[in-house]
Amino acid sequence: MSQAPDSSTGTSRRGFLRQVGATGGAGAMLATMGALGLAPTAEAASREPVFHAPRTGDLTLTGRAAAKVVIVGAGIAGLTTAYELGKAGYDCTVLEARDRTGGRNFTVRGGDTSLDLYGNRQTARFTDGQYLNAGPARIPQWMTTMDYCRELGVPVEVFTNANANAYLYNEKAGMTAPVRHRTAKADVYGYVSELLAKATNKGALDEELTADDRERLLEFLKSFGDIGARLSYTGSTRRGYRVDPGAAGTPGVALGPVPAASEVFASGVGRYFAFEFGYDQAMLMFQPVGGMDRIPAALTRAVGAHRILTGAVVQQITDRAAGVSVSYTRGGRTRTIDADYCVAALPPNILARTRHNLGAAVQTALEACRPASAGKIGLEYRSRWWESDHRIYGGITETDLDLAHIWYPSYGHHGRRGVLVGYYNTGTAADTYARLAPRDREARAVEQGVRIHGEKYRSELVSSFSHHWRQTPHLEAAWHSLAGGPDAAVFDPLNKPTGRVYFTGDHLSYASAWQHGAFTSARRTVTALHARVLGRG
């Protein structure tokens, strides 16, 4: 039963907050909610349901034998499935089409080679200690990925996802020079605070807020936007310094002049600040020391390399009443492996092109998983000029150019060399770059980067390596989009076994494109299969 808004208690605050969010972004809206007492200041940590890994005793105590399982795909989901089932003694064999494990977890180092579907062959020339995480590159601290790093002994370090010293550059919006993240944020928050404060003082919000609300809001805005007692934004040291404070006699010179409010809003920089409030993007974030592929390397060791057949391209999956047969080619020969169960952990777009007898509903579900495009280029420089010249240590510069993002390395600070991510783009932009020869991808990325960082972006460059997932054999996707989410009816056939064949992967999670999604999906599949073997499912 609905109720009319009660202005005496401020129940029309919803409309007011919606206006704040439209103007200043999620950051302004959430902060305003906190000032009005509408948002919790702390929450108990929420976790996924507790996962109970299979144990040898589960089988011996019930008098059951460990089943034989063939796992198709040695990405994170496939390796995790083999790892967890292995704890109970399951006889697992993993078939991987590529010559390496990890799937889309791919760290490029000097000497690594690739051949894409356009016929572009590259060999990385990065120097020792330098690398590019071409796939996943950061881990939020709440994700299950961190638990596996701990369990597998993979050391981690901080990945700087947001850096006040990085730049924002919206060329299409008329910006002629990049602006520091801190400067743009101070200006946007300052002017939003000034406008809200003036509207409050003029009584424009009397119908939306109680008298106590208005008083709390004004006090909050003075601090949030640094607008002071006069409620006007004139800039402050939050914007940064032209001359940094130093010893006696050097108090520092604040950055100026302050652009007009219309100029700040027209630049469009405000849209970037909501990013850091995203649950899966908020600091602190982490990365494995030495490269993201330390995770699949540790999983591979734990599973046992002898259980993993690389270069094994699956041709057909056949479900039978008493087991599963999987045929594959390896070394020019076709072989067949029979098992009690099969776990299909390969990308759904690839499985959709693999012969199987799993039925039309499974095929429809696989084809409904839409592959996405994404690409990165690693640019190695002979000096870390972004640190020495720009004082940028990690973090991301955001742009409206088709390179989209520039990432600064969160490792090797003060070293002699370093690798920037010169573009990380998706969709049409990624497809456009993918169609270029590697040398032309580099030239396009560098030409745009020079607009932000100047000529050193070109003159200090040593080598590059670019990678595009839609053009990667046996994967052909950066991640997958599932309309309505993995619980939508069309995907139901992938969330349960078809005969003796199970399915897993990050696409069957609410964290698609994250390793967390692959880990949690694998755990779900392992739990279901193990329960079935124990006669409980």
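Here is what the cut-offs are and how they apply
Note that residues are indexed from 1 along each chain, following the sequence as it is written. Since the coordinates come from a predicted model, pLDDT governs what is reported: local features require at least 70, and pairs of side-chain atoms require 80 or more to be given and counted, while whole-chain, interface and lining totals use all residues. Side-chain numbers come from the whole structure's heavy atoms, not from hydrogens or water. Only DSSP runs of H or I with at least four residues qualify as helices, and only runs of E with at least two residues qualify as strands; both kinds are numbered from the N terminus onward. Atoms counted for the radius of gyration: C-alpha only. Globule rule: 2.2 Å times residue count to the power 0.38. Per-residue accessibility, obtained with a 1.4 Å probe over protein chains only, is compared with the maximum for each type, and a residue is labelled buried under 20%, exposed over 50%, and partly exposed between these values. As a rule, the C-alpha atoms of each element are fitted with a line to give its axis, helices using only the stretch in contact, and angles between N-to-C directions run from 0 to 180 degrees. Each angle gets one of four labels, with under 35 degrees taken as roughly parallel, over 145 as roughly antiparallel, 65 to 115 as roughly perpendicular, and the rest as oblique. Contacts between residues were defined by any pair of non-hydrogen atoms, one from each residue, lying within 4.5 Å. All residues other than Ala, Val, Leu, Ile, Met, Phe, Trp, Tyr, Cys, Pro, Asp, Glu, Lys and Arg, Gly among them, are scored as polar; the first ten of these are nonpolar and the last four charged. Cysteine sulfurs are considered disulfide-paired once they come within 2.5 Å of each other. A pair of strands is treated as paired once DSSP finds two or more bridges between them. Marked domain ranges trace back to an automatic or database domain assignment. Grid points spaced at 1 Å over the protein atoms alone were grouped into cavities, where a 1.4 Å probe fits but cannot get out, and pockets, open sets with protein on both sides within 12 Å along at least five of seven lines, with lining residues defined by an atom within 4 Å of a point. Grid points are joined across faces, edges and corners, and a volume is the space filled by probe spheres set on the points. Patch definition: residues above 30% relative accessible area lacking any salt bridge, with like charges linked at up to 9 Å and the nonpolar side chains Val, Leu, Ile, Met, Phe, Trp and Tyr linked at up to 5 Å. Surface accessibility follows the Shrake-Rupley procedure with a 1.4 Å probe radius. Residue values consider only the protein chains on display as shielding. Definition used for salt bridges: Asp or Glu carboxyl oxygen within 4 Å of a side-chain nitrogen of Lys or Arg. For every residue, the pLDDT score states the predictor's confidence, bounded by 0 at the bottom and 100 at the top. The definition of a polar contact used here is a pair of N or O atoms within 3.5 Å, where within protein one atom must be able to donate a hydrogen and the other to accept one, and adjacent residues in sequence count solely through side-chain atom pairs. Nonpolar core, defined: a set of buried Ala, Val, Leu, Ile, Met, Phe, Trp, Tyr and Cys residues in which side-chain atoms within 4.5 Å join the residues together.

Under an unreviewed UniProt entry, the protein has the name FAD-dependent oxidoreductase and belongs to Streptomyces paludis.

Caption draft 1: Broad picture of the overall build of the protein. When helices and strands are counted, the protein shows 15 helices and 27 strands. Radius of gyration (C-alpha) of the protein: 27 Å, near the 24 Å computed for a compact globule of 537 residues. Along the first, second and third principal axes, the C-alpha set of the protein runs to 80 × 65 × 40 Å. Here the protein, with 537 residues, has 53% of them falling under the buried criterion.

Caption draft 2: Seen up close, the packing of helix H12 (residues 427–434) against helix H13 (residues 438–453). Where H12 meets H13, the closest approach of the two axes is 9 Å, and the angle between their N-to-C directions is 130°. With respect to their mutual orientation, H12 and H13 come out oblique. Contacts between H12 and H13 involve Thr 432, Tyr 433 and Ala 434 from the former and Arg 441, Arg 444, Ala 445 and Gln 448 from the latter. Its residues assigned to classes, the contact of H12 with H13 shows three nonpolar, two polar and two charged.

Caption draft 3: Seen up close, the state of the cysteines. Taken as a whole and assessed by the stated rule, the structure comprises zero disulfides. Summary of cysteine pairing: Cys 369 is not part of a disulfide, and the nearest cysteine sulfur, belonging to Cys 342, is at 16 Å. The exposure class of Cys 369 is buried, given its relative accessible area of 2%.

Caption draft 4: Inspection of the environment of Asp 187 at higher detail. Positionally, Asp 187 belongs in helix H5 (residues 181–201). Accessibility expressed as a relative area gives 4% for Asp 187, which makes it buried. The sequence separation of Asp 187 and Gly 268 amounts to 81 residues, and the corresponding C-alpha distance is 12 Å. The contact partners of Asp 187, leaving out residues within four places of it in the chain, are Tyr 233, Arg 239, Val 258, Pro 259 and Val 264.

Caption draft 5: Region of interest: the sheet that holds strand E2 (residues 91–96). Across the sheet, five strands lie side by side as E14-E2-E1-E18-E27; this open sheet has parallel pairing. Two strands lie at the open edges of the sheet, namely strand E14 (308–310) and strand E27 (501–503), each paired on one side alone. Each neighbouring strand pair of the sheet contributes to a mean axis angle of 20°, computed without reference to strand direction. As judged from the five bridges shared by strand E1 (residues 68–72) and E2, these two strands associate in the parallel manner. Each residue of the ladder has a partner; that of Val 70, found in E2, is Thr 93.

Caption draft 6: Geometry of the domain arrangement of the protein. In terms of domains, the protein is made up of domain 1 (56–102 + 293–370 + 481–535), domain 2 (107–166 + 374–471) and domain 3 (179–268). Summarising the inter-unit geometry, the C-alpha centres of domain 1 and domain 3 are found 54 Å apart.

Caption draft 7: Main features of the sheet that holds strand E13 (residues 285–288). The antiparallel open sheet is built from three strands, whose spatial order is E7-E13-E8. The strands lining the two open edges of the sheet, one partner per strand, are strand E7 (139–140) and strand E8 (156–159). As defined by bridge partners, E8 adjoins E13 across four bridges and the pair is classed as antiparallel. Following the sheet pairing, Glu 157 is matched in E13 by Gln 287.

Caption draft 8: Molecular detail of empty space enclosed by the protein. Counting across every chain of the model gives three cavities of 30 Å³ or more. The calculated volume of the largest cavity comes to roughly 150 Å³. In terms of lining, the largest cavity is formed by 13 residues, of which the most central are Asn 133, Trp 407, Pro 409, Tyr 411 and Val 421. Every element with two or more residues in the lining of the largest cavity is listed here: strand E6 (132–133), strand E23 (405–408) and strand E24 (418–426). When the residues that make up the lining of the largest cavity are grouped by side-chain class, the tally is ten nonpolar, three polar and no charged. Space inside the second largest cavity adds up to approximately 90 Å³.

Caption draft 9: Up close: a nonpolar patch on the surface. Taken together, the side chains of Val 158, Met 283 and Leu 284 make up a nonpolar region of the molecular surface, amounting to roughly 210 Å² of accessible area. When its relative accessible area of 33% is taken as the criterion, Met 283 is described as partly exposed.

Caption draft 10: Structural view of the environment of Tyr 279. Relative to the helices and strands, Tyr 279 is located in the loop between helix H7 (261–267) and E13. C-alpha of Tyr 279 to C-alpha of Arg 391: the two residues are 112 residues apart in sequence and 28 Å apart in space.

Caption draft 11: Structural view of the confidence of the model for the protein. On average, the protein scores 92 in pLDDT, and the residues at 70 or more come to 91%. A low-confidence stretch, residues 1–11 (pLDDT under 50), is modelled with seven contacts involving residues beyond four sequence positions or located in other chains.

Caption draft 12: Spotlight on the side chain of Ser 325. As for its position among the elements, Ser 325 is in strand E16 (residues 323–330). Within the structure, Ser 325 has its side chain in polar contact with the side chain of Arg 320 (distance 3.1 Å). What Ser 325 contacts, discounting residues up to four positions off in sequence, is Gln 316, Ile 317, Thr 318, Arg 320, Thr 336, Ile 337 and Asp 338.

Caption draft 13: Looking closely at the nonpolar core. If you look at the biggest cluster of nonpolar residues, it comprises 46 residues, and the most contacted ones within it are Tyr 381, Tyr 408, Leu 420 and Tyr 457. Elements that contribute at least two residues to this core include exactly strand E9 (167–169), H5, helix H6 (211–224), strand E21 (374–381), helix H11 (385–388), E23, E24 and H13. Element by element, the count of residues in this core is highest for H5, at eight residues. Here this core spans two domains, and each of domain 2 (107–166 + 374–471) and domain 3 (179–268) adds at least three residues to it. Sequence-distant contacts of Tyr 457, that is, excluding residues within four places in its chain, are made with Leu 379, Tyr 381, Trp 385, Ile 406, Leu 420, Gly 422, Ala 445, Val 446, Gly 449 and Val 450. In terms of nonpolar packing, the next biggest core, distinct from the first, is built from 39 residues, Phe 51, Ala 74, Ile 295 and Val 303 among them.

Caption draft 14: Structural view of the pattern of salt bridges. Counted by the stated rule, this structure contains 24 salt bridges. Taking the shortest distance from any N to any O, the salt bridge between Arg 55 and Asp 58 comes out at 3.1 Å. On the basis of relative accessibility, which here comes to 56%, the residue Arg 55 falls in the exposed class. Owing to a relative accessible area of 14%, Asp 58 belongs among the buried residues under this scheme. Arg 417 is the salt-bridge partner of Glu 380, the closest N and O atoms lying 3.6 Å from each other. One end of the pair, Glu 380, is in strand E21; the other, Arg 417, is in the loop between E23 and E24, and 37 residues separate them in sequence. Both residues of the pair, Glu 380 and Arg 417, count as buried.

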